[in-house]
Structure formats: C-alpha cells, structure tokens
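This is what each chain is made of:
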Amino acid sequence: MLIGLSDRWINDLRIHLPALWQEIDDFRTKRLNAAFTSIINEGQKVGLIKSLPAEMIVMIFVSTLKGVINNEFLLNSKFSYKEAIETSLRILFTGILTAKGQKVFQKSFKKV
C-alpha cells in the first residue's frame, strides 16, 4: 500500500497523472487480493478467522479499502490516508475474527 506517502502527494498523483495512478491502483489491487487471500486462508486454518467464504472476505476488504481511500472521502473527512486504512482494517478484522483471533489481533495491532 502507499501508507508512507503524504495525502497531498497521492492526491496530486491522481489528478495530474491519472494513467500512472491507474497502474498503481491495479498493481495495489492485485497485491491486496493476494495478501488478503493468504492471510484469510491461513487464519482460517489455525482457527483465528471465522469459517466464511474467503473470496467474499477478500472482496469486502479490497472494496472497503479502495472506497475509504478514495479522494472524495479523504478530502471531506478528518482522516488521513493512514488513519482511514488502519480504522478500516480494525473494523473489518474484528468482524471476521474468532474469540481467539480477537485476542491475537488486539495484541498485534497495538504493536503496529
């Protein structure tokens, strides 16, 4: 993801270089799909994530992140790019985690 970049830089990139932004967005979407699929599958194997359709969970995660980091939302909210992603991930993960997974997540997320 592009967490290390400033909100203004990302906004300028979207406005002034839309073709490059589209390439970045396509690349990011492929990486997100692969990363979340791996995380969800592994989490389900070890009992940290509820037994729900992995492909549905991945689609919800990717769609949510893309929607929250969209230009209009960020421009009209008090959240930074990083805050929007972190809050979205917290909400989504806590919704799919088992009780055991919740404990692990809370400990791990505090470190991030």
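Refer to the preceding data block for the structure.
Notes on the structure in this doc start here. Throughout, a residue's number is its position along its own chain's written sequence, starting from 1. Predicted model: local features are reported for residues with pLDDT of at least 70 only, side-chain atom pairs are reported and counted for 80 or more only, and whole-chain, interface and lining totals are derived from all residues. The side-chain values count all of the structure's non-hydrogen atoms but skip hydrogen atoms and water molecules.

This part is about the nonpolar core. In this text, buried Ala, Val, Leu, Ile, Met, Phe, Trp, Tyr and Cys residues form a nonpolar core when linked through side-chain atoms within 4.5 Å. Burial status follows relative accessibility: with a 1.4 Å probe on protein chains alone, a residue under 20% of its type maximum counts as buried, one over 50% as exposed, and anything between as partly exposed. Counting 26 residues, the largest nonpolar core has Phe36, Ile40, Phe61, Leu89, Phe93 and Ile96 as the members making the most contacts within it. A run of H or I in DSSP counts as a helix once it spans at least four residues, and a run of E counts as a strand once it spans at least two, with each numbered from the N terminus. Residue assignment for this core shows that the elements contributing at least two residues are helix H1 (7-16), helix H2 (18-45), helix H3 (54-68), helix H5 (81-96) and helix H6 (99-111). The contact definition used throughout considers only heavy atoms, calling two residues in contact when any of these lie within 4.5 Å. Beyond its immediate chain neighbours, meaning those up to four positions away, phenylalanine 61 contacts Phe36, Leu89, Leu92, Phe93 and Ile96.

The next thing to look at is the packing of aromatic side chains. By convention, a stacked pair of Phe, Tyr or Trp rings (six-membered ring in the case of Trp) has centres within 6.5 Å and planes under 30 degrees apart, an edge-to-face pair has planes over 60 apart, and any other such pair is tilted. Enumeration over the complete set of coordinates arrives at five aromatic pairs. With a centroid separation of 6.4 Å and an interplanar angle of 50°, the aromatic rings of phenylalanine 36 and phenylalanine 93 are classed as tilted. Taken together, the residues span a long stretch of sequence, with phenylalanine 36 in helix H2 and phenylalanine 93 in helix H5 at a distance of 57 residues. Judged on exposure class, the residue phenylalanine 36 and its partner phenylalanine 93 are both buried. Arranged with centres 6.2 Å apart and planes meeting at 10°, the rings of phenylalanine 73 and phenylalanine 79 form a pair that is stacked. According to the relative accessible area criterion, phenylalanine 73 is partly exposed, its value standing at 34%. The partly exposed category is assigned to phenylalanine 79, whose relative accessible area is 32%. Ring pairs connect the aromatic residues Phe36, Phe61, Phe93 and Phe105, which therefore count as one cluster.

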